[in-house]
Amino acid sequence: MYQDLREFIERVDALGALRRIEGADPRHEIGGITEVAAGRADCPALLFEAIKGFPRGYRIFTNATVSPQRAALALGIDPALRPLDALKAWMEKRKTLQSRPPAVVKDAAFLQHTIKGNDVDLAKFPAPIWHRHDGGPFIGSGSIVIMRDPDRGDDGGWINASIYRIQVHGRNKVTVQFDHAGRHGAIITRKYWDQGKPCPLAVVNGEDPALFIAGFEYLPAGQSEYEFAGAIKGAPIEVYPGPLTGLPIPAHAEIVFEGHLPPDTTLPEGPFGEFTGYYASEARPAPVMEVAAVYYRDDPILLGSPPMKPPRFHFGLPFRAATIWQNLEAAGVTDVVGAWQHVSQLMTVVALRQRYDGHAKRAALVAAAHSYMARIVVVVDEDVDPSNLNDVMWAVATRCEPSEQLDIVRNAWSSALDPRIPAADKARGITSHSKVIIEACRPFPWIGQFPPTSALSLAEARAVEEKWGDVLK
Ligand SMILES: Cc1cc2nc3c(=O)[nH]c(=O)nc-3n(C[C@H](O)[C@H](O)[C@H](O)COP(=O)(O)O)c2cc1C
Ligand SMILES: [Mn+2]
């Protein structure tokens, strides 16, 4: 397994999936190149070097895990697996993950350079303006925010380490955006602020991809993303206590900020292009971090992961579909052969071998319940590859009679980011939407009479590919 971001980049290079780009402008251009690359079938990872206006050594890495292959690599799963097989391998691995507490080490690569107090000037680092109408430069688009729950337990307290975007507002000020008050970072901040105390935190820009993945997972409060990342890697995350805050900071991190959020202090944050492909809101108040110290490695690499218009997404394997798949099994829904998400999580597909009438709907309702912001939930038979949108739409167009096999679930789980919820409704606190369930399965009562398919089965197609694939290259 790779040790840190640098080793991960080496592995990506060895797979032939890295492109080095010189001379790009952090204002719009780095974001634009990232978006175009992410929309291509080969979807390369990008290492921006010699960035316009900055010394050569300051680098930005984007599209890290946007392809299925690199998402698998980051999880320690064979990158040669087909996407659905890779997601299944992750679902199986996730079920039995062994939590690994971080290990405290005596030195840290990020201590190679330190800037403190009045010398802090964040303009030293290239912070892109990712999308045309963003409210400013965002140094953190895939950065991890580290905080300690002030209600300390015997083990020194719960450390939360998840992804919240970071906008730069001046020499030593950044904002941290919590999407809603239930985010663990928001809950912890509130606990300090309610006592009239500043909330200490560290921001890690350029972290281990396993931490990037852990930072996206919905883990319960009290559980540390560090332990989940250690579990992915099968080895503890090495941490070094921050010189000012004592917070455990990944020793191999590229660029680290340490500081605090002064009580009840905010600045207007955003707008920022969202993963739906829209701007969700105008600038809104967000907590302000006063950056007291910056640490960085030689030739530091910022990990950038801007939200982009679908189908581009931070992760080329739909991790939340793996959780849905796991939940279906845990709920007793048998014979699920696959789950996937398209349109950047906005559409969920479940494939299963129907055993009884109502089986498909049972799966659909569980999947719909767990589909954040997805308006479309589709169930297909076992012969349809849920990761292939063409196959899925073929099933929809040939097996689903709309007058019989569509259902609408109202007031279901969405978000303030949903572009289709009217602003006036959002102002009244509405963040739910409706979901359509499309049963694109052969109707169970006459499944035996359904016309047989003429195309190769998935297994037959694979056998042909194995024997004849080279001729077709
Ligand atoms: C690249 C990326 C950027 C994200 N940006 C934000 C953000 O700015 N604010 C936010 O609240 N959640 C953001 N998220 C989602 C959270 O990181 C995710 O829901 C996480 O589970 C929240 O962690 P928590 O449960 O510890 O609060 C982002 C996720 C990714 C992958
Ligand atoms: Mn958390």
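Numbering of residues starts from 1 in every chain and runs along the sequence as written. By the order in which they are written, chains take letters starting at A while ligands take numbers starting at 1. Residues qualify for local features only when their pLDDT is at least 70, as the model is predicted, and side-chain atom pairs are given and counted only at 80 or more; totals for whole chains, interfaces and linings, by contrast, use all residues. Just so you know, side-chain values use all the structure's heavy atoms and leave hydrogens and water out.

Draft legend 1. Expanded view of the pattern of salt bridges. Whenever Lys or Arg places a side-chain nitrogen within 4 Å of a carboxyl oxygen from Asp or Glu, that contact is recorded as a salt bridge. Inspection of the entire model under this criterion finds 33 salt bridges. A salt bridge links Arg11 to Glu7, with the nearest nitrogen and oxygen atoms 3.6 Å apart. A residue pair is termed a helical-turn pair when its members lie 3 or 4 positions apart in one helix, as Arg11 and Glu7 do in helix 1 (residues 5–14) at four residues. Under the relative-accessibility criterion, Arg11 is labelled partly exposed at 34%. The partner of Asp13 in a salt bridge is Arg20, with the nearest N and O atoms 3.2 Å apart. The cut-offs for exposure are 20% and 50% of the maximum accessible area for each residue type, with area from a 1.4 Å probe on protein chains only; residues under the lower value are buried, those over the upper are exposed, and the others partly exposed. The exposure class assigned to Asp13 is partly exposed, which follows from its relative accessible area of 34%. For Arg20, a relative accessible area of 48% puts it in the partly exposed group. Numbering of helices and strands starts at the N terminus; helices are DSSP runs of H or I of at least 4 residues and strands are runs of E of at least 2.

Draft legend 2. Broad picture of empty space enclosed by the protein. Using a grid of 1 Å spacing that covers the protein atoms alone, one calls a set of points a cavity when a 1.4 Å probe fits there but cannot get out, and a pocket when the set is open and has protein on both sides within 12 Å along at least five of seven lines; lining residues are those with an atom within 4 Å of a point. Grid points are joined across faces, edges and corners, and a volume is the space filled by probe spheres set on the points. Counted according to the given criterion, the structure contains one cavity of 30 Å³ or more. A volume near 60 Å³ is recorded for the largest cavity. If you go around the largest cavity, you meet 13 residues; those closest to its centre are Arg165, Phe272, Glu274, Ala280 and Ser281. Among the residues forming the lining of the largest cavity, the class breakdown is five nonpolar, three polar and five charged. Throughout, the ten residues Ala, Val, Leu, Ile, Met, Phe, Trp, Tyr, Cys and Pro are labelled nonpolar, Asp, Glu, Lys and Arg are labelled charged, and all others, Gly among them, are labelled polar.

Draft legend 3. Examining the site of ligand 1 more closely. The cutoff for a nearby residue is simple: one of its non-hydrogen atoms must lie within 4 Å of the molecule or strand. Neighbouring residues of ligand 1: 20 residues in total, closest Ile163, Tyr164, Asp179, Arg183 and His184. Pairs of N or O atoms are called polar contacts if they sit within 3.5 Å, as long as, within protein, a hydrogen donor faces a hydrogen acceptor (for residues adjacent in sequence, only side-chain-to-side-chain pairs). Between an oxygen atom of ligand 1 and a main-chain N or O atom of Asp179, the distance comes to 2.8 Å. Residue-level accessible areas treat just the shown protein chains as cover; the underlying method is Shrake-Rupley with a 1.4 Å probe. About the coverage of ligand 1: the protein hides 91% of its 640 Å² of free accessible area. With three residues, the top contributor of residues to the shell around ligand 1 is strand 8 (residues 159–163). Here the shell around ligand 1 is composed, by residue class, of six nonpolar, eight polar and six charged.

Draft legend 4. Here's a closer look at the coordination of the manganese ion (ligand 2). Here the term donor refers to an N, O or S atom within 2.8 Å of the metal (or 3.2 Å for Na, K and Ca), and because water is left out of the atoms, sites may appear incomplete. Every protein donor of the manganese ion (ligand 2) is accounted for by Asn160 (OD1), His184 (ND1) and Glu225 (OE), and the metal-donor separations fall at 2.1 to 2.3 Å. Here the donor residues for the manganese ion (ligand 2) map to a single chain with the spacing N-x23-H-x40-E. Note that Asn160 is positioned in strand 8 and His184 in helix 5 (residues 184–194), a separation of 24 residues in sequence. His184 matches Asn160 in its accessibility class, with the two residues each being buried.

Draft legend 5. Representation of unusual backbone geometry. Cis geometry is found at the peptide bond from Gly270 to Pro271, where omega equals -5 degrees. With respect to the helices and strands, Pro271 occurs in the loop between strand 15 (266–269) and strand 16 (284–296). Cis geometry marks the peptide bond from Pro310 to Pro311, where omega comes out at 10 degrees. Examined against the element boundaries, Pro311 turns out to sit in the loop between strand 17 (301–304) and helix 8 (319–330). Positive phi is not limited to glycine here, since Ser344 has a value of about 50 degrees. With respect to the helices and strands, the residue Ser344 is situated in the loop between strand 18 (336–342) and strand 19 (347–352). In the Ramachandran plot, Gln345 falls in the positive-phi region, its phi being about 80 degrees despite a non-glycine side chain. Locating Gln345 in the fold gives a position in the loop between strand 18 and strand 19. For Gln345, a relative accessible area of 7% translates into the label buried.

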